[in-house]
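The lines below spell out each chain.
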Amino acid sequence: MGTWQISADLLARSRFVVSPRIETVGALNDLVRPSDPEGRALAAAHGEAFRAMLDAHPVRRAVLDHSWKPQWISDWLCLPPASGGRTFAEELDDVRALGDDLMRDCLAESSPTRDLPDALLADGLTEHGVELLEWVWTHVLATDWARRERILRADIVARTSRLATQGWAAVLHDLGRDREWVGDGHLRINNYDLPSRVLPDDADLFFVPVNHRARWVGWLLPQRYAVYYPVAGALARVDAGAPDGLERLVGRNRARLLTALESPSSTTGLAATTDLAIGSVGDHLKVLLAAGLVLRRRSGREVLYWRTAVGDALVASGSGSPGDGVPAG
């Protein structure tokens, strides 16, 4: 199995971050080979325009054709973020900084034949890769980024909450198939028969959620490493499924929020999972808090909410009638 050897100091300094560039790579992957219903919907909506763009720009098509081989995605696509909180344009500069020679090495490694066509041997190769990602961002993701970012940040809140209650081993085990802490300082990153890589103590290690079935890792040797993982399915697409009795008692939207609070979540996270406006979520949470159905506590910059025992019992029973003391909403 493939493992990374990680010191306690490095794990302590590791961070969860959101990366618009990596989200773009996930969308690019869906355009090429969709793997789930949401990816197929994205490909159906944008596939024709995407193929027309590739026809008009054959070097971009060549870059794409040499960026995947079985069980391998090119290192230039998996380049780790330099930090969190950066814009897509800022993250594209990381790709530009690779330069043509390193970009060419990445494509040779991910090419099924390792032989690159003449189109990929000319100057300006890196910019063609940048333009490919720019097209996907502009035509596929830019207008949907606010929604996607809410989902990504909700996932991070849920996982850091789990970290506080169950520790790193539980969090790492939950980052997708073939990911787990195997002991003796080793994090399993895949099931390939590869030698373990020792990460420097002063390296940067990022955990990056993606709205895609990502099971990638990335590195820029010797200092930057990233583990990419799919957002939890419950966060990406939520069917509140609140019992009819609960909806009649507290109102449809408050029932959705109460049902969604199976584990601690922030206002932003709840907005992402229920598709309610953040202001509306805040107003409903105030009512649920006053009714004793939820509790709240600050965790860093976030305020987390979770159900009380009374809230748990109410969701479990799904019974009651209007007028029992909780305002309808």
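This section reports on the structure supplied with the text.

Scoring rules and cut-offs
- Residues numbered from 1 in each chain as written.
- Predicted model: local features only at pLDDT ≥ 70, side-chain atom pairs only at ≥ 80, totals over all residues.
- Heavy atoms only, no water.
- Axes fitted to C-alpha atoms, helices over the stretch in contact; angles between N-to-C directions.
- Helix = DSSP H or I, 4+ residues; strand = E, 2+ residues; numbered from the N terminus.
- Parallel < 35°, antiparallel > 145°, perpendicular 65-115°, else oblique.
- Contact = heavy atoms within 4.5 Å.
- Nonpolar A, V, L, I, M, F, W, Y, C, P; charged D, E, K, R; others polar.
- Salt bridge = Lys/Arg side-chain N within 4 Å of Asp/Glu carboxyl O.
- Buried < 20%, exposed > 50% of the residue type's maximum accessible area, 1.4 Å probe, protein only.
- Polar contact = N/O pair within 3.5 Å; in protein donor to acceptor, adjacent residues only side chain to side chain.
- Pairing = 2+ DSSP bridges.

Let's talk about the packing of helix α2 (residues 20-32) against helix α5 (residues 88-96)
Between α2 and α5, the shortest axis-to-axis distance is 8 Å and the interhelical angle comes to 80 degrees. When the interaxial angle is binned, α2 and α5 end up roughly perpendicular. Taking contact as the criterion, the partners of P20, R21 and T24 in α2 are, on α5, F88, E91, D94 and V95. In the contact of α2 with α5, the residues fall into 3 nonpolar, 1 polar and 3 charged.

Looking at the pattern of salt bridges
Using the criterion set out here, one finds 16 salt bridges in the structure. With a shortest N-O distance of 2.6 Å, R61 and D55 are connected by a salt bridge. For R61, a relative accessible area of 30% puts it in the partly exposed group. Here D55 falls in the exposed class, since its relative accessible area comes to 57%. Here R96 ties to E127 by a salt bridge, and the two come within 3.2 Å at their closest N and O atoms. One end of the pair, R96, is in helix α5; the other, E127, is in helix α7 (residues 125-141), with 31 residues separating them in the sequence. On the accessibility criterion, R96 (33% relative accessible area) is partly exposed.

Points about the environment of R104
Among the structural elements, R104 can be located in helix α6 (residues 99-110). Considering only alpha carbons, one finds R104 and F206, 102 residues apart in sequence, at a separation of 25 Å. Excluding residues that lie within four positions of it along the chain, R104 makes contacts with L116, L120, L121, A122 and L125. A polar side-chain atom of R104 sits 3.1 Å from the main-chain carbonyl oxygen of A122.

A short note on the sheet that holds strand β2 (residues 15-16)
Sheet architecture is open: 4 strands sit in the order β2-β8-β10-β9, paired in mixed fashion. Two strands lie at the open edges of the sheet, namely β2 and β9 (217-220), each paired on one side alone. Two elements, β2 and strand β8 (residues 204-210), share 2 bridges in a ladder whose sense is parallel. In the sheet register, R15 faces β8, and the bridge partner there is F206.

Side note on the sheet that holds strand β6 (residues 186-190)
Taken in spatial order, the 4 strands of this open sheet run β5-β6-β1-β7, and their pairing is mixed. The two strands at the open ends of the sheet, each matched to only one other strand, are β5 (180-183) and β7 (197-198). Two elements, strand β1 (residues 2-5) and β7, share 2 bridges in a ladder whose sense is parallel. Across the sheet, the residue bridging to W4 is R197, located in β7.

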